[in-house]
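Take a look at the letters that make up each chain.
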Amino acid sequence: MATKKKAAGLTVKLVKSPIGSKQDQIATVEALGLHKVGDTKIQPDNAATRGKVNKVSHLVKIIEG
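Calculation notes
Residues numbered from 1 in each chain as written. Predicted model: local features only at pLDDT ≥ 70, side-chain atom pairs only at ≥ 80, totals over all residues. Heavy atoms only, no water. Buried < 20%, exposed > 50% of the residue type's maximum accessible area, 1.4 Å probe, protein only. Helix = DSSP H or I, 4+ residues; strand = E, 2+ residues; numbered from the N terminus. Arc of directions from axis to C-beta. Pairing = 2+ DSSP bridges. Axes fitted to C-alpha atoms, helices over the stretch in contact; angles between N-to-C directions. Contact = heavy atoms within 4.5 Å.

### What about helix α1 (residues 23-31)?
Then step 1. Inspection of α1 places Q25, I26, T28 and V29 among the buried residues, and these make up the whole buried set. Along the axis of α1, the buried residues cluster in a sector spanning 160°; they form a single face.
Then step 2. At the C-terminal side of α1, G33 shows a positive phi close to 85°.

As structure tokens, this is what we get:
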């Protein structure tokens, strides 16, 4: 049987709207590929992605698994 491999990356979910946030934070959310509240994207697990997530940590959530 074939085994499923886990995606080597971070699953990022937008949990709060960026409306009213600073322009650079809005741009960071868009750079992560998130547009609407509830959107989920898998991003590569590297320093650049971790920095983006840290910048907008109050707007996004990292989903483990």
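### Concerning the sheet that holds strand β1 (residues 9-14)
Then step 1. Pairing in this open sheet of three strands is antiparallel, and the strands run β2-β1-β3 from one edge to the other. Every interior strand has two partners, whereas the edge strands, β2 (40-44) and β3 (60-63), have only one. Each neighbouring strand pair of the sheet contributes to a mean axis angle of 35°, computed without reference to strand direction.
Then step 2. Here five bridges tie β1 to β2, and the two strands are oriented antiparallel to one another. In the strand pairing of β2, V12 is matched with K41.
Then step 3. Against the sheet, helix α2 (residues 47-55) makes contact with β1, β2 and β3, and its axis sits at roughly 25° relative to β1, the strand it touches most.

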